[in-house]
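A closer look at the structure
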Amino acid sequence: MAALRRAVPVLSRALAGPGGAAPGRRWVRALRRSPVRVLPPRKEQAEAQRRPVEHHPPPPAVERGSAGPGLWYEKASPGDRSLGKVVTIAKSRSFRDRHGKVLLEGLRLIRDALQAGAVPRALFFSTAEHLRELPPAPLKGARLVRVRFEDIKCWSDVVAPQGMIGIFSKPDHAKMSYPTAQLPIVLICDNIRDPGNLGTILRSAAGAGCEKVLLTKGCVDPWEPKVLRAGMGAHFHVPIVADLDWESVPSNLPSGVRVCVADNKDRGTQAETEPTSQGAGRSGSHSGSPKAPVKPKRKAAPPEHKDEEGTEGVCASELAAQYYYENWIQSPAAVVVGGETHGLSPDALHLAASTGGKRLVIPVVPGVDSLNSAVAAAIVLFEGKRQLQWRTHKQDDERQKFPVVG
């Protein structure tokens, strides 16, 4: 055994050879080395030398054009499909939520957006004349691309496109500039899920001069293309605060506000009128003058219902009701408009009850279940504007009759 131990070092030095390193270690070190170049077989190398050298032309330079002092645009190459993919992706809600950008189409809508302070990122147009109709200062930081009108026609969702599509950063109402509000009313949209209805409601709110519009969770995205088309530029004439939960709605309302609801569904409150005299017309007396109907009578309040969390809610019939054309406007005020499918939520009724609000009834003939949400909103908003103007004119007349002396 001792002899075997003395023989092992001698055998190891013999196998190591003159260099002193074992063969196994030498091969392991060789395998760890990285090759500098892989040489093909001689036959393939000879064929590659006989093959003619291919010279690829450099990529074509981007053709550019000028639309004014310091305003340059690039011309898209024919058949470039990458731009179409960009426009298609920009229409999706996932793109709007993930990247914070919206797609606007049309010369008028883009001009309103630029005047309100929206930030453009990319603008695709068919003629340079359209570009010259826009304010040049906001466009200097955007990518301007001139494309064929046929391409815009393929990208557009409208029948007669105007030849201009833009990608903007999603507007922030706190950083935008809007016209001065002429109506001290905040419009609250509750469960408005139809894009056409929401766009029309925003258009009516902008036309009436509302202070702002609040959209609760459950409403359709206001920056969806269908809402933008129906709004006709209203997004940049009235502030829009979207995706609000009901806990944060009061913080977006002025102090001392009274919230009224304009429900477009029949919830048990019927408008009853006084009986007419004999020989009178359908809504008149002997003299032919119209008789104003009395206020809707409140029925016995049904038991309070409970929501999903078990808290007690408020029924619509428990709110004091009056006709929309009677005096209800005060400064400030807020009006809630519910959707046609689900109507007003319990949170909206609770907010109206907590602020001393009323239910504004729009009388309809028997057999008609409800009004369109956009129609109901327009009726209530412009009636509120009429009442406010009438009150202002009445105060002016009283000042003229009884001027303040001294």
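It should be emphasised that the depicted structure is a prediction, and the values quoted were computed from it without experimental measurement. Residue numbers run consecutively from 1 along every chain, following the written order of its sequence. Predicted model: local features are reported for residues with pLDDT of at least 70 only, side-chain atom pairs are reported and counted for 80 or more only, and whole-chain, interface and lining totals are derived from all residues. Processing note: side-chain calculations cover all non-hydrogen atoms of the structure and skip hydrogens and water entirely.

Some remarks on the pairing of strand 4 (residues 120-125)
- Within strand 4, 5 of the 6 residues are buried, leaving the element largely enclosed by the surrounding structure.
- Sheet topology note: the strand 4/strand 6 (residues 164-169) ladder contains 5 bridges and is antiparallel. Of the residues in strand 6, the one forming a bridge with F125 is M164.
- By definition, two strands form a pair when at least two bridges between them are found by DSSP. In this text, helices come from DSSP runs of H or I with a minimum length of four residues, and strands from runs of E with a minimum of two, each type numbered from the N-terminal end. For strand 4 and strand 5 (residues 143-146), the ladder comprises 4 bridges, and the chain directions are parallel. By the bridge assignment for strand 5, A122 is matched with R143. The classification of residues rests on relative accessible area computed with a 1.4 Å probe and restricted to protein chains. Under 20% of the type maximum is buried, over 50% is exposed, and intermediate values are partly exposed.

A word on the nonpolar core
- Take the buried Ala, Val, Leu, Ile, Met, Phe, Trp, Tyr and Cys residues and link them wherever side-chain atoms come within 4.5 Å; each set so joined is a nonpolar core. Core analysis: the largest hydrophobic core is formed by 35 residues, its most contacted members being I185, L187, C189, L198, V213, W328 and V335.
- Listing elements by their share of this core, those giving two or more residues are strand 7 (183-190), helix 9 (195-208), strand 8 (210-216), strand 10 (258-262), strand 12 (333-338) and helix 12 (373-401).
- In terms of residues, this core owes the most to one element, helix 12, which gives 6 residues.
- Those residues in contact with L187 that sit more than four places away from it in its chain are I201, A205, K212, V213, L214, V335, V337 and L381.
- Judged by nonpolar contacts, the second largest core, of 26 residues, contains A67, L71, A128 and F236. Residues are treated as being in contact if the distance between any of their heavy atoms lies within 4.5 Å.

Re the confidence of the model for the chain
- Summarising the model, the chain shows a mean pLDDT of 78, and 69% of its residues fall at 70 or more.
- The low-confidence segment residues 268-311 (pLDDT under 50) makes 63 contacts with residues lying over four places distant or belonging to another chain. pLDDT expresses, on a scale from 0 to 100, how confident the predictor is about each individual residue.

So, a nonpolar patch on the surface
- Together, V364, V365 and V368 line one region of the surface with nonpolar side chains, adding up to about 240 Å² of accessible area.
- Checked against the element boundaries, V368 lands in the loop between strand 13 (359-361) and helix 12. The patch calculation keeps residues exceeding 30% relative accessible area without a salt bridge and links them within 9 Å when they carry like charges or within 5 Å when they are nonpolar (Val, Leu, Ile, Met, Phe, Trp, Tyr). To measure how exposed things are, a 1.4 Å probe is used in the Shrake-Rupley method; for residues, cover is taken only from the protein chains shown. Just to be clear on terms, a salt bridge is a Lys or Arg side-chain nitrogen sitting within 4 Å of an Asp or Glu carboxyl oxygen.

Some details on helix 4 (residues 82-90)
- What helix 4 keeps buried is the set L83, G84, V87 and A90. Angularly, the buried residues of helix 4 cover 130 degrees about the axis, an arc narrow enough to put them on a single face. Opposite the packed face of helix 4, turned more than 90 degrees from it, sit the exposed residues K85 and T88.
- Looking at the packing, one finds that the buried side of helix 4 touches helix 5 (93-99), strand 3 (101-105), strand 4, strand 5, helix 8 (149-155) and strand 6. Picture the helix axis, draw a direction to every C-beta atom, and the arc is the one those directions span.

Structural notes on the pairing of strand 2 (residues 71-75)
- Here 4 bridges tie strand 1 (residues 64-68) to strand 2, and the two strands are oriented antiparallel to one another. Bridge pairing links G68 to L71 in strand 2.
- Linking strand 1 to strand 2, which pair antiparallel, is a turn of 2 residues; within it G70 sits at a positive phi near 75 degrees.
- By the bridge criterion, 2 bridges tie strand 2 to strand 5 in an arrangement that is parallel. Its bridge partner being in strand 5, E74 is matched across the sheet by V145.

What to know about the state of the cysteines
- Cysteine sulfur atoms are paired as a disulfide whenever they fall within 2.5 Å. Under the criterion given, the structure shown has 0 disulfides.
- Considering cysteine sulfurs only, C219 is the nearest to C189, which forms no disulfide, with 5.7 Å between them.

Points about helix 11 (residues 346-354)
- When helix 11 is considered as a whole, its buried residues turn out to be A348, L349, L351 and A352. Seen from one end, helix 11 has its buried residues packed into an arc of 160 degrees, which puts them on one side.
- Its buried side turned inward, helix 11 meets strand 7, strand 10 and strand 12.
- G356 occupies a position one or two residues after helix 11 and carries a positive phi of about 75 degrees.

With respect to the sheet that holds strand 1
- Here we have 6 strands laid out as an open sheet, ordered 1-2-5-4-6-3, and mixed in their pairing. Edge positions in the sheet fall to strand 1 and strand 3, since each has one partner strand and no second. Within this sheet the neighbouring strands show an average axis-to-axis angle of 25 degrees, counted without direction.
- Between N-to-C directions, angles span 0 to 180 degrees; the directions come from axes that are lines fitted to C-alpha atoms, helices contributing only their stretch in contact. Where helix 4 meets the sheet, it contacts strand 3, strand 4, strand 5 and strand 6, and its direction lies at approximately 60 degrees from that of strand 6.
- Across the sheet, helix 6 (residues 107-116) lies against strand 3, strand 4 and strand 6, angled at about 30 degrees from strand 6, the strand it touches most.

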